[in-house]
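A structural walkthrough
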Amino acid sequence: MLKVIGGFFLGLVVVGVLAYAFAGSLMFREIESPFGVEETVARIQQNIQNTGNGWALSGLRNPGKAVQNDGGNVLPVMMVEACSTKYSAPILKDDSVRFLSILMPCKVSVYKKNDGKTYIGMMNAGLMGKMFGPMVGEVMGHVAEDQEKFVKFDPSKPAPEMIKGTPGAAAGGAGASAAGGC
Amino acid sequence: MSARPKLILSVAAIAATLTALVAFAMPAKTEVASAPQAATTTPKKESDSTADHSKFKELQKNFKTGPEVTEACLICHTEAAKQVQHTKHWTWESKDPKTGQVRGKKNIINNYCTAVLSNEKDCMACHAGYGWKDSSFDFSVQKNVDCLVCHDNTGTYRKLPGDAGHPVYKRREFPPKSGKFVEAVDLQKAAQSIGMPSRTNCGACHFFGGGANGAKHGDMDSSLQHPGKYLDVHMNEKGLNFSCTECHATKSHEVSGSRYNTAAAVTGPAHIRGKADASPAACQSCHGDKPHPAQHARLNQHTDKLACQTCHIPEFARNDIGTEMSWDWSKATIMGPDGKRMVRKDSAGRRAFDSQKGEWRWESHVIPEYRWFNGTSTYKVIGSKIDPSKVVQLSVVGGGPNDPDSRIWPTKVHRGKQPYDVENNYLTVQHTGGEDATALWHNYDWQKAIGTGMKAANLPYSGKFAFVDTELTWPITHMVAPKEDALTCEQCHSKNGRMKDIQGVYMPARDGTHWLDVIGWSLALLTLLGVLIHGAIRIYSSKKEG
């Protein structure tokens, strides 16, 4: 009996340690970009616009600006925000999972590290979705497929212009992001 | 052995192994920490001068040209032009006191616009003078010294390419066919609004070197016109608000702190500027060579190997403007599908391609490349022989680990591809600017452009050219970040840290012997194992006895 209980707790410890060590890297992905920060952002934006499935840009944020305004420095970080009502609507309609609106809009982070290289950070939508039931799992599975298209680059094509701010949101207010799909 | 101690021992062993694995798997913690333009005018401070130039009779004239203004200035400032004529701002020439090499804009070849010769009418938009359009320019004529370019405080004084250093006398469209117009300078107003050089004056050229905002230096661009604390603690508009001349103290119009004679290793305590043997523009001038407080005394022990800039300018071009990292001249003369000039911008809206000039690559927040530097750089000058089988170093920063005057400096390395004479093995001078038949930017004909340029340089040209890779290295010294953003220890003291390519100095955590590391780690693991086994035996024994 002692062996069984001991083994159970040992298993718990091992699982806990493994979860601690690897959960972060399972939930989020980081890939290196062959381009600089601005060009990576611009190419992702272009890919989002070309992906279809209702995807539209809903913003471009620069969290580093706030740090600058506060007198400090961070290496560049840009967050491309995109949304597809095709995927957001089913989740937003279901009271039991509406809290997942906190994950909206879909974000792709582009940043430089101290090695001078540019990286892309994304949520592992497919895996995360599976944690919240079949409907969310299916929707997020599609989001994950589209995310792959966002970061597939064709270097033979010239660098597009980076789209700053929120397209179609010049008026601001609650409706500002309507043009962005959410 | 009974089951219980076995289990405890097993759990302990697994825990120790997992802890070690997790510790190894965890990443090391890192702290993230054109034309010269009239930059936006700085807010005008109330003058504390004893002279109001607007009241001077000599300046109540309707000046038609720049030299007329200078003649009026010289009535009172009798020695000013003579002083200026001894400076690099006038001669565009500099002799290295250590090596004797004659450098300066007039003589070197860079990998931006390449060379001044045969392009004087354009380049002299940044000369502190009037009328230098070719080799016939008389450097002794005092009225050709341009006082206003440094002392105009209206912020409206503008000189454009093509005018051989004269200001804009007539309203004109610039760049041509752009729909943008540059107003004629009100010379009387400028002459009456004289003051010490502001950031606007210096920045009109130094922010826009290389033909675009931020292109050349990487640590100087128009963002320094109104900088925040994050960009430069000294120039911070809401803080110390230093002008350029606060550090670049000037004596008899000679501006201190030239990159041609950099004070790379200043020692001793802080001193009052103007001391004869000191370099006013060096950090140590105010901070001394032991600038850190007692609780950070370890940092002071780094000052005999590191320049202040190395830690305190962790990145340069820390803004959206960015800086140019490469210029590929071999792509120049490639025309668009319609056979016409093609222009393309990069994703951030900076110049990326122009049929006239080639292809550029830009970057913001650039991590510097680090080099030993003793303040002396050796330049490729016009006619210097090159080895085209290697990357040609247009400037070699001197110094090394065994040179007591050397420090590790942050640098910007600008990569280029530019033409050279394949038989004579020297970089070519090309005539680029202008509307004449041989100007590259007008006729897109390399042979004609090189032919004219080499003739102006008085060098034989074989008639055959190719392109060679070049590098130009610039020590970085502006855009000093707040101390909280200085490099952290582990950013350098790590295997792939900032100093990974620096040779000749032992750096803990970067350098080591593989086998010594293996032995050390083995000893540590064996010690851990010994402790665990010892503990297990103690538990086992106590249970057996009890």
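Treat the numbers as computed from the prediction; the structure is a model and nothing was measured. (Residues numbered from 1 in each chain as written. Chains lettered and ligands numbered in written order. Predicted model: local features only at pLDDT ≥ 70, side-chain atom pairs only at ≥ 80, totals over all residues.)

**Describing the interface of chain A and chain B**
Interface size, as often reported, equals the accessible area lost upon joining of the parts. The following threshold applies: Any two residues are considered in contact once their C-beta atoms, placed from the backbone, lie within 7 Å. Helix and strand definitions follow DSSP, with helices as H or I runs of at least four residues and strands as E runs of at least two, each counted in order from the N terminus. Each residue is assigned to one class: nonpolar for Ala, Val, Leu, Ile, Met, Phe, Trp, Tyr, Cys and Pro, charged for Asp, Glu, Lys and Arg, and polar for all the others, Gly among them.
On the chain B side, the residues contacting the 27 residues of chain A number 31 residues. Broken down by secondary-structure element, the contributors of at least two residues to the side of chain A that touches chain B are α1 (2-27) and α2 (37-51) of chain A. Residue contributions to the side of chain A that touches chain B peak at six residues, all from α1(A). Among the residues forming the side of chain A that touches chain B, the class breakdown is 13 nonpolar, eight polar and six charged.

**Some thoughts on the sheet that holds strand β1 (residues 28-33) of chain A**
Residue and element names in this part refer to chain A. For the record, the criterion: Only when DSSP finds a minimum of two bridges between them are two strands counted as paired. To define axes, lines are fitted to C-alpha atoms, for helices over the stretch in contact only, and angles between the resulting N-to-C directions are given on a 0 to 180 degree scale.
Here five strands make up an open sheet; going across it, the order is β1-β5-β4-β3-β2 and the pairing antiparallel. Strands at the two margins of the open sheet, each flanked by one partner only, are β1 and β2 (55-61). Between one strand and the next, the sheet's axes are offset by a mean angle of 25°, whatever the strand orientation. Two strands pair when backbone bridges link them, and strand β3 (residues 77-84) and strand β4 (residues 106-112) are joined in this way by six bridges, in the antiparallel orientation.

**Remarks on the environment of A:E39**
Which entries qualify depends on this criterion: Put plainly, a residue is buried at 20 or more neighbouring C-beta atoms within 10 Å of its own, exposed at 12 or fewer, and partly exposed in between, counting only other residues' C-beta atoms, which are placed from the backbone.
Structurally, A:E39 can be placed in helix α2. Note on A:E39: 25 C-beta atoms within 10 Å, which makes it buried. A:E39 sits 123 residues away from A:M162 along the chain, and the two C-alpha atoms are 7.1 Å apart. The residues touching A:E39, leaving out its near neighbours within four places in the chain, are A:A159, B:D346 and B:S347.

**Overview of the domain arrangement of chain B**
This is how it is decided: What fixes the domain bounds is an automatic or database domain assignment.
Entries for chain B in the domain assignment read domain 1 (3-21 + 514-545) and domain 2 (64-252). Averaged C-alpha coordinates put domain 1 of chain B and domain 2 of chain B at centres separated by 72 Å.

**So, the pairing of strand β9 (residues 351-354) of chain B**
Residues and elements named next belong to chain B. Bridge count between strand β8 (residues 343-345) and β9: three bridges; the pairing is antiparallel. Bridged to V343 within β9 is D354. Linkage of β8 to β9, two consecutive antiparallel strands, is achieved through a turn of five residues, within which G349 is found at a positive phi near 85°. Across two bridges, the pairing between β9 and strand β10 (residues 358-363) is antiparallel. Note on β10: the bridge partner recorded for D354 is G358.

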